[in-house]
Amino acid sequence: MDLTCAALLPDADGTLIDSIPAVERAWRTWAGEYGLDPDAVLRVCHGVRSAETVAELLPAAEFDTALARIDDLETTDTVGVTGYPSSHELLAACANGLPWAIVTSGGLALVTARLKAADLPMPSVLVTAESVTNGKPDPEGYRLAARQLGVDPRQCVVIEDAPPGIRAGKAAGATVIGVTTTHPAADLTEADVIITSLGQVSVGAGHLTISGND
């Protein structure tokens, strides 16, 4: 399958970067400190900004302190953080002529630390939690990335691992690839294409080729 692609817009955590153990350690610690059920917290924290999760779970009076705490826990724990298989090769191929940007729900300090831990390159355009007013599933982040790259979002391809990000990419008008790194395929049915590995994605001139296996 070939997909027209003027620019590639992947998510970071769960898409390029395998940070799930670190994410779960941080949120479990945070949940325990605030008297919350860690499993319930983990069901709602993936794929959205930490600010939205904190606001959903705690009173407004605790928001600032609680957000600062989870940001600190996540940023300082990069043990075991690595790139998913083929993420390095995918981004290296983009360096040969396909514009790309990362659009993440994480903060700048967090994604910078995780990209470094995973030995992945820093993109020229990086849209983080601080870059937008509305986080995923709002399309603001993907539209902003496309605008900064100088391309039409409808000509972009988004790669996402979580339903909120898939919805954001679709709402921006992009073609969306869902990758089953953190969610089963049944949760990613809003994506245009579902893959199991970034190794199934090959970069060509103005297009991506999706293979049946890596």
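### Observations regarding helix α3 (residues 50-57)
Then comes step 1: Turning to α3, its buried residues number three or more, namely S50, T53 and V54. Mapping the buried residues of α3 onto a view down its axis gives an arc of 95°, with all of them on the same face.
Then comes step 2: Buried positions along α3 lie against α1 (20-33), α2 (38-45) and α4 (63-76).

### Overview of unusual backbone geometry
Then comes step 1: Between K136 and the following residue, P137, the backbone shows a cis peptide bond with an omega angle of 20°.
Then comes step 2: Mapped onto the elements, P137 comes out in the loop between β6 (125-127) and α7 (140-149).
Then comes step 3: Of note in the backbone geometry, S86 takes a positive phi value of approximately 80° without being a glycine.
Then comes step 4: By the element assignment, S86 lies in the loop between β4 (82-83) and α5 (87-94).
Then comes step 5: Among the residues examined, S86 registers a relative accessible area of 23% and is labelled partly exposed.
Then comes step 6: With a phi angle near 60°, D119 is a residue other than glycine that sits in the positive phi range.
Then comes step 7: Tracing the sequence through the fold places D119 in the loop between α6 (108-117) and β6.
Then comes step 8: On the basis of relative accessible area, D119 is assigned to the exposed category, the value being 60%.

### Some thoughts on the environment of R69
Then comes step 1: If you trace the backbone, R69 turns up in helix α4.
Then comes step 2: Expressed as a C-alpha distance, the spacing of R69 and D138, which sit 69 residues apart in the sequence, is 25 Å.

### What to know about the packing of aromatic side chains
Then comes step 1: In the structure shown here, the tally under the stated rule is two aromatic pairs.
Then comes step 2: An angle of 75° between the planes, with centres 5.1 Å apart, marks the rings of W27 and W30 as edge-to-face. Of the two residues, W27 and W30 both sit in helix α1, three residues apart, roughly one turn of that helix. Taken as a pair, W27 and W30 share a single burial class, namely buried.
Then comes step 3: Aromatic pair W30 and Y34: ring centres 5.2 Å apart, planes at 35°, arrangement tilted.
Then comes step 4: Assessed through its relative accessible area of 0%, W30 is described here as buried.
Then comes step 5: Grouped by ring-pair contacts, the aromatic residues W27, W30 and Y34 constitute a single cluster.

Conventions we followed
- Residues numbered from 1 in each chain as written.
- Predicted model: local features only at pLDDT ≥ 70, side-chain atom pairs only at ≥ 80, totals over all residues.
- Heavy atoms only, no water.
- Buried < 20%, exposed > 50% of the residue type's maximum accessible area, 1.4 Å probe, protein only.
- Helix = DSSP H or I, 4+ residues; strand = E, 2+ residues; numbered from the N terminus.
- Arc of directions from axis to C-beta.
- Contact = heavy atoms within 4.5 Å.
- Phe/Tyr/Trp six-rings, centres within 6.5 Å; stacked < 30°, edge-to-face > 60°.

By themselves these figures say nothing about function.
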